[in-house]
Amino acid sequence: MIKKYNILLTLVLFQALVVFIFCSFYKPKDDPKRKVKIIVIDPGHGGKDPGCNGVSCKEKDVALAVSLKLGKLIEENIKDVKVIFTRKTDVFVELEDRAKIANDNNADLFISIHCNAAGKPVMIKDKKTGKMRPKTFKNSRGKLIVVETTNPEPFGSETYVMGLKNEEGKMKVAQRENSAMLLEDNYETKYQGFDPNSEESYIIMSNYTSSYVIQSAGLALKIQEQYFKKAGRVDKGVHRQSIWVLWRTSMPSVLTEIGYLTNPQEEKFLGSEKGQSYLAACLFRAFRKYKDEQEGVKKVYDDAIENQVPLENENYKIANESEEVKTIDKPINETDVEVKEEKKDKTATNEEKIKEEAEAKIKLIAEQKAKEDKQKEDKLKEEAKAKEKMLAEQKAKEEAESKAKADSLAEVQKTLSKAEEQEKKYRQFIALADVNFKNGNYEEALGLYQKASTSKPNDAYASKKVKEVEGLLRPAPVKTNTVSEVKEEPKTKSGIVFKVQFASTDKEVDAKAKYPNVTDVWFYKAGTVYKYTSGNYSNMEEAAKQQAKLKELGYKDCFVAAFKDGIRMDISEAKRLTGTK
């Protein structure tokens with residue numbers, strides 16, 4: 001009872017904290033509300049990867065069935081949401097590809113559906129000590145691994161979000177869900193050396209902070225609430241863990257374990273049409289409530305899905321039906337206490353002696369009973385005091401944990417806001433750069449790709465595009481210039497000069513006739529475009545003065561560009577090398 005109370009209290013406090021922080025600090029992606037238009041549903045495992053197995057059910061089949069039912073409910077009832085599946089049949093999809101599907105489609109939400117499994121150590125007798133111990137073996141790394149067999153006792157549902165740290169006791173879940181990558185070809189290269197069986201890999205991964213952990217936790221709480229209220233599932237809570245598909249998705253994402261296939265009653269429920277329909281409806285209601293909350297919609301639903309009849313948990317039901325209630329409690333009859341001594345000799349019976357012995361025994365029994373009653377009373381008092389002390393300590397601990405969570409979440413939110421803003425700027429730079437690149441505006445594209453690379457260092461895409469555009473902007477090795485009155489590029493000690501670029505044409509023109517009011521004109525060719533500049537300066541300050549003059553002459557879009565040995569280079573690098581601001 002106390003454990004259940006603690007779980008419920010923790011959930012209420014955590015949900016309140018999440019709502020408070022979300023409302024106080026979180027700034028939605030769109031203004032004023034964040035739209036939820038695309039959802040990616042990920043049925044766990046598939047194909048050659050069956051996941052965990054029960055007696056008659058496989059995780060890959062149950063996860064797919066529930067996923068398809070959830071997708072159908074969304075498509076039929078929420079018309080403005082596009083549903084995308086990572087798989088719709090029994091095929092193997094690599095972990096990285098699951099996240100890529102969501103990222104490439106700019107999804108607003110990612111839900112991965114799985115089934116749980118439980119194990120217990122196989123016990124053997126130690127030959128040296130003669131005592132029982134868990135059976136173990138050494139893996140390829142020389143680490144001792146405990147051999148396990150199926151544990152049919154655990155049951156219930158739980159949901160995971162990307163972890164800020166790995167919670168104790170949950171590592172096996174992450175290892176099981178990440179182990180699918182071991183079935184992929186060349187997985188060590190693809191996943192950059194990540195080993196799903198190595199705790200060191202999880203320590204590195206856990207340093208990553210998801211930008212969407214607050215929204216993800218909000219959805220996870222709603223899912224767990226629906227499992228408990230409608231599907232009769234035991235609520236095992238919301239947890240944080242380093243799971244690959246959650247780490248790699250760039251949107252709010254959760255991984256939900258809908259139940260244990262290793263528990264006979266739960267497997268029967270998960271494998272049934274009724275059970276799968278109930279679980280899909282739970283996920284749908286949680287998603288609908290999450291979507292309305294994100295979009296600022298306040299709506300009360302009164303449809304068949306919302307009014308679905310709640311189920312009773314089968315594990316509890318069976319336990320209650322099979323429990324044997326013992327009601328035999330025979331009262332003590334003092335007359336039965338009288339001891340009748342067998343007459344050794346009927347003629348020599350001493351009635352007075354028998355009476356005295358009987359009275360003595362009755363007195364002895366009464367004293368013993370009084371002593372036992374006092375012991376029971378003292379024991380009850382001690383238990384009451386211990387329970388009161390335990391409740392007080394538990395309350396103090398919960399208050400301390402609540403305060404710590406509040407402080408931690410507040411600090412996390414600051415970090416998340418900064419990381420999210422940086423990610424938003426990066427995406428904006430990339431989007432604008434891609435548009436300019438497609439339209440042939442290579443200089444504008446180069447500047448934007450360089451800004452994106454600065455906002456997100458070591459980003460492979462931005463770095464690749466910078467090199468690609470620089471290659472396109474690099475003039476031909478042989479310089480030819482037939483425009484009259486155009487001066488050759490000056491030579492400086494560093495080889496770097498600053499020029500003011502003021503015009504561009506698709507063919508070579510007569511600079512004197514085309515730009516009569518501009519002096520010291522030079523041009524270079526980038527792709528099929530001719531770029532015209534004015535002036536040759538060894539520092540940025542002089543070039544800026546010429547830029548101001550050209551703007552007064554009507555060239556409003558002119559800007560300063562840097563060249564080294566006649567080749568266009570990054571303006572920031574040129575400033576650094578020449579020591580100018």
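Below or above, wherever it landed, is the structure these notes cover. (Residues numbered from 1 in each chain as written. Predicted model: local features only at pLDDT ≥ 70, side-chain atom pairs only at ≥ 80, totals over all residues. Heavy atoms only, no water.)

**A short note on the nonpolar core**
Counting 47 residues, the largest nonpolar core has Ile-39, Ile-74, Ile-113 and Ile-258 as its most contacted members. Secondary-structure elements contributing two or more residues to this core are strand E1 (38-43), helix H2 (59-77), strand E2 (82-85), strand E3 (109-116), helix H7 (213-230), strand E12 (253-260), helix H9 (264-271) and helix H10 (273-295). What Ile-74 contacts, discounting residues up to four positions off in sequence, is Ile-39, Ile-41, Val-81, Val-83, Phe-284 and Phe-287. Among the nonpolar cores identified, the runner-up in size contains 23 residues, and Ile-496, Val-518, Tyr-555 and Val-560 belong to it. (Core = buried A, V, L, I, M, F, W, Y, C linked by side-chain atoms within 4.5 Å. Buried < 20%, exposed > 50% of the residue type's maximum accessible area, 1.4 Å probe, protein only. Helix = DSSP H or I, 4+ residues; strand = E, 2+ residues; numbered from the N terminus. Contact = heavy atoms within 4.5 Å.)

**Some points on the sheet that holds E2**
What links the strands of a sheet is backbone hydrogen bonding, and the strands pair in either a parallel or an antiparallel sense. Reading across from one edge, E2-E1-E3-E12-E10-E11 is the order of the six strands in this open sheet, with mixed pairing throughout. Two strands in the sheet have a free side with no partner beyond their single neighbour: E2 and strand E11 (235-241). Strand-to-strand twist in this sheet, taken as the mean axis angle between neighbours without regard to direction, amounts to 20°. Sheet topology note: the E1/E3 ladder contains five bridges and is parallel. Looking at the pairing, Val-40 lines up with Phe-110 of E3. (Pairing = 2+ DSSP bridges. Axes fitted to C-alpha atoms, helices over the stretch in contact; angles between N-to-C directions.)

**Overview of the pattern of salt bridges**
For the coordinates displayed, the defined rule picks out 24 salt bridges. Among the salt bridges present, the one from Glu-423 reaches Lys-456, with a minimum N-O distance of 3.5 Å. Residue Glu-423 is located in helix H12 (residues 351-438), and its partner Lys-456 is located in the loop between helix H13 (442-455) and helix H14 (460-473); the two are separated by 33 residues in the primary sequence. Judged by its relative accessible area of 22%, Glu-423 is partly exposed. Where salt bridges share partners, they join Lys-37, Asp-80, Lys-291 and Glu-295 into one cluster. (Salt bridge = Lys/Arg side-chain N within 4 Å of Asp/Glu carboxyl O.)

**A closer look at the packing of H2 against H10**
At a closest axis distance of 8 Å, the pairing of H2 and H10 adopts a crossing angle of 50°. Viewed along their axes, H2 and H10 adopt a mutual orientation that is oblique. Where H2 crosses over H10, the two elements pack in a sense that is right-handed. Within the contact between the two elements, H2 uses Val-62, Ala-65, Val-66, Lys-69, Leu-70, Leu-73, Ile-74 and Asn-77 and H10 uses Glu-273, Gln-276, Ser-277, Leu-279, Ala-280, Ala-281, Leu-283, Phe-284 and Phe-287. Here the contact of H2 with H10 is composed, by residue class, of twelve nonpolar, three polar and two charged. (Parallel < 35°, antiparallel > 145°, perpendicular 65-115°, else oblique. Left-handed = near helix turned anticlockwise from the far one by under 90°. Nonpolar A, V, L, I, M, F, W, Y, C, P; charged D, E, K, R; others polar.)

**Considering unusual backbone geometry**
With a phi angle near 60°, His-45 is a residue other than glycine that sits in the positive phi range. You will see that Asp-520, though not glycine, has its phi angle at about 55°, which is positive. With respect to the helices and strands, Asp-520 occurs in the loop between helix H15 (511-514) and strand E14 (521-526). For Asp-520, a relative accessible area of 21% puts it in the partly exposed group.

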